[in-house]
Amino acid sequence: LGGLCREAVPVAHMVGLMDDAQAVDEAAAAVADGLCALQIKGGVDAVRDVRLIGRLRADLGDHVLLRLDANQGYRDAKTGMRIVAQLAEAGANYVEQPVMGLRAMAEVTASSDLPIIADESCWDVHDALEVVADRSADCLSIYLAKAGGFIGARKVAAVAEASLMACDINGSIESAVGNAANVHFALATPCVSLAAVIPISAPAGTHPLRVGGAYYLDDLCTAPFRVKDGAILPLDGAGLGIEVDERALQRLRCD
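This is a predicted model, so every value here is computed, not measured.

Draft legend 1. Structural view of the overall build of the protein chain. For the protein chain, the count of helices and strands is nine helices and ten strands. Here the C-alpha atoms of the protein chain give a radius of gyration of 18 Å, agreeing with the 18 Å that 2.2 N^0.38 yields for 255 residues. Over its C-alpha atoms, taken along the principal directions, the protein chain stretches across nearly 55 × 40 × 40 Å. Residue burial in the protein chain is summarised as follows: out of 255 residues, 53% are buried. Of all intrachain contacts in the protein chain linking residues separated by at least 6 positions in sequence, the fraction that spans at least 24 positions is 68%.

Here you go:
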């Protein structure tokens, strides 16, 4: 993939749609684990999103990056502009996909002091070119599976790099094999400078953190991914860098 361009991959812990108290507790626990970035799922109730971002900023301080993922939930451009402005005032650092459609995204992006990240608007290199042409976002979220594996994802990254856009690696909370690919891509791609919304993969009972990046009780790798200061370190085994646990594969398979 071109060799290392960074020494580790910072992880953004995803806080799902839950009540405020649960979200605050989970976010605080992830930060206590050493993570410095959070992706907060939202888009269902804008009042809740603004309130929660404000509370997290007050509780966690300025050193934690807060990224509100609206999943296109703020409907039209005018509503999106208004809510994004409120999120900025509350203390958000980024807003991911506030509205649906490139035209509406472009209006929100043009009006916002916060960087806007394209997710649902950017699946592959063709979408990336349209996002750049329409100025629909400031950053791109790259999924290896959506883009077509390493080759497709490198094409998206090439568009972003030529356009001076920062990216992250995002995904569907893959298990260890897919996540190993995520890690290698992030380590070797210069424009992937944002914290990655990916798991920290580990077999049962060996996860290095209590909450941060921990989404599965078990996984297919024989050893946990190594973590330092909230970031995944390079995988140094053969191939994708991990060894698949054949017994776990049999145990977790769906017949």
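Moving on from the model shown.
Draft legend 2. Layout of the sheet that holds strand β10 (residues 231-232). Taking strand neighbours across the sheet as the criterion, the three strands line up as β1-β10-β9 in an open arrangement whose pairing is antiparallel. On the outer flanks of this sheet lie β1 (9-10) and β9 (227-228), each paired with one strand and no other. Across two bridges, β1 lies against β10 in antiparallel orientation. When the sheet's bridge partners are listed, valine 9 is paired in β10 with isoleucine 232.

Draft legend 3. Representation of the packing of aromatic side chains. Applying the stated criterion across every chain yields a total of zero aromatic pairs. Just above the ring of tyrosine 143 sits the side chain of lysine 146; from NZ or CZ to the centre is 4.0 Å.

Draft legend 4. The nonpolar core, seen in detail. In this structure, Leu38, Leu87, Leu140 and Ile169 are the most contacted members of the largest nonpolar core, which totals 72 residues. Element by element, the count of residues in this core is highest for helix α8 (residues 176-188), at seven residues. Setting aside its immediate chain neighbours within four residues, isoleucine 169 contacts Ile142, Leu144, Asn182, Phe185, Ala186, Val192, Ala196, Val197 and Ile198.

Draft legend 5. Region of interest: the pattern of salt bridges. Counted according to the given criterion, the structure contains eight salt bridges. Here arginine 51 ties to aspartate 20 by a salt bridge, and the two come within 2.7 Å at their closest N and O atoms. One end of the pair, arginine 51, is in helix α2 (residues 46-60); the other, aspartate 20, is in helix α1 (residues 20-32), with 31 residues separating them in the sequence. Residue classification places arginine 51 among the partly exposed residues on the basis of a relative accessible area of 44%. A salt bridge links aspartate 218 to arginine 251; the nearest nitrogen and oxygen atoms lie 2.5 Å apart.

Draft legend 6. Expanded view of the sheet that holds strand β6 (residues 116-118). The sheet built from seven strands is open, its strands ordered β2-β3-β4-β5-β6-β7-β8 with parallel pairing. Two strands close off the open sheet at either side, each with one partner strand: β2 (12-15) and β8 (166-169). The mean inter-strand angle of the sheet, taken between neighbouring strand axes irrespective of direction, is 25°. Packing of α1 onto the sheet brings it into contact with β2 and β3 (37-41), and relative to β2 it is tilted by some 165°. Sheet strands in contact with helix α7 (residues 149-162) are β7 (139-142) and β8, and its direction is about 170° off that of β7.

Draft legend 7. A look at α7. The first and last C-alpha atoms of α7 sit 20 Å apart over 14 residues, in line with the 20 Å expected at 1.5 Å per residue. Among the residues making up α7, those that are buried are Gly152, Ala153, Val156, Ala157, Val159 and Ala160. Viewed along the axis of α7, the buried residues span an arc of 155°, placing them on a single side of the element. Exposed residues pointing more than 90 degrees away from the buried face of α7 are listed as Ile151 and Ala162. Just downstream of α7 lies leucine 164, where phi reads positive at about 60°.

Draft legend 8. Focus on the packing of α2 against helix α3 (residues 77-90). For the pair α2 and α3, the least separation of the axes is 8 Å and the interaxial angle reads 15°. Judged on the interaxial angle alone, α3 and α2 are roughly parallel. Regarding α2 and α3, the two cross each other, and that crossing is right-handed. Along its contact with α2, which presents Ala46, Asp49, Val50, Ile53, Gly54 and Arg57, the element α3 presents Ile83, Gln86, Leu87 and Ala90. Residue composition of the contact of α2 with α3, grouped by class: six nonpolar, two polar and two charged.

Calculation criteria
The written sequence of each chain sets the order in which its residues are numbered from 1. Given that this is a predicted model, residues contribute local features only at a pLDDT of at least 70 and side-chain atom pairs are listed and counted only at 80 or more, while totals for whole chains, interfaces and linings are drawn from all residues. Hydrogens and waters are ignored; side-chain quantities use all the structure's heavy atoms. Only runs of H or I of at least four residues qualify as helices and only runs of E of at least two qualify as strands under DSSP, and these elements are numbered from the N terminus. Within these notes, the globule rule equals 2.2 Å times the number of residues to the 0.38 power, and the radius of gyration is based on C-alpha atoms. Think of it in three bands: residues with accessible area under 20% of the maximum for their type are buried, residues over 50% are exposed, and the middle band is partly exposed, with areas taken using a 1.4 Å probe on protein chains only. Contacts between residues were defined by any pair of non-hydrogen atoms, one from each residue, lying within 4.5 Å. Two strands qualify as a pair provided DSSP detects at least 2 bridges between them. Geometry of aromatic contacts follows a simple scheme: Phe, Tyr and Trp rings, the Trp one being its six-membered ring, pair when their centres are within 6.5 Å, and the pair is stacked under 30 degrees between planes, edge-to-face over 60, tilted otherwise. Sitting over a ring, as applied to charges here, requires NZ of Lys or CZ of Arg to be within 6 Å of the ring centre and within 35 degrees of the ring normal. Nine residue types can take part in a nonpolar core, namely buried Ala, Val, Leu, Ile, Met, Phe, Trp, Tyr and Cys, and a core is a set of them joined through side-chain atoms within 4.5 Å. Any carboxyl oxygen of Asp or Glu that lies within 4 Å of a side-chain nitrogen of Lys or Arg is treated as forming a salt bridge with it. Axis definition: a line fitted to C-alpha atoms, over the contacting stretch in the case of helices. Angles run 0 to 180 degrees between N-to-C directions. Given a helix with a known number of residues, its expected span is that number minus one, times 1.5 Å. Note that the arc is computed from the directions linking the helix axis to the C-beta atoms. For classification purposes, an angle smaller than 35 degrees is called roughly parallel, one larger than 145 roughly antiparallel, one from 65 to 115 roughly perpendicular, and anything else oblique. By definition, turning the near helix anticlockwise from the far helix through less than a right angle yields a left-handed crossing, and turning it clockwise yields a right-handed one. Any residue outside Ala, Val, Leu, Ile, Met, Phe, Trp, Tyr, Cys, Pro, Asp, Glu, Lys and Arg is labelled polar, Gly included; the first ten of those are nonpolar and the last four are charged.

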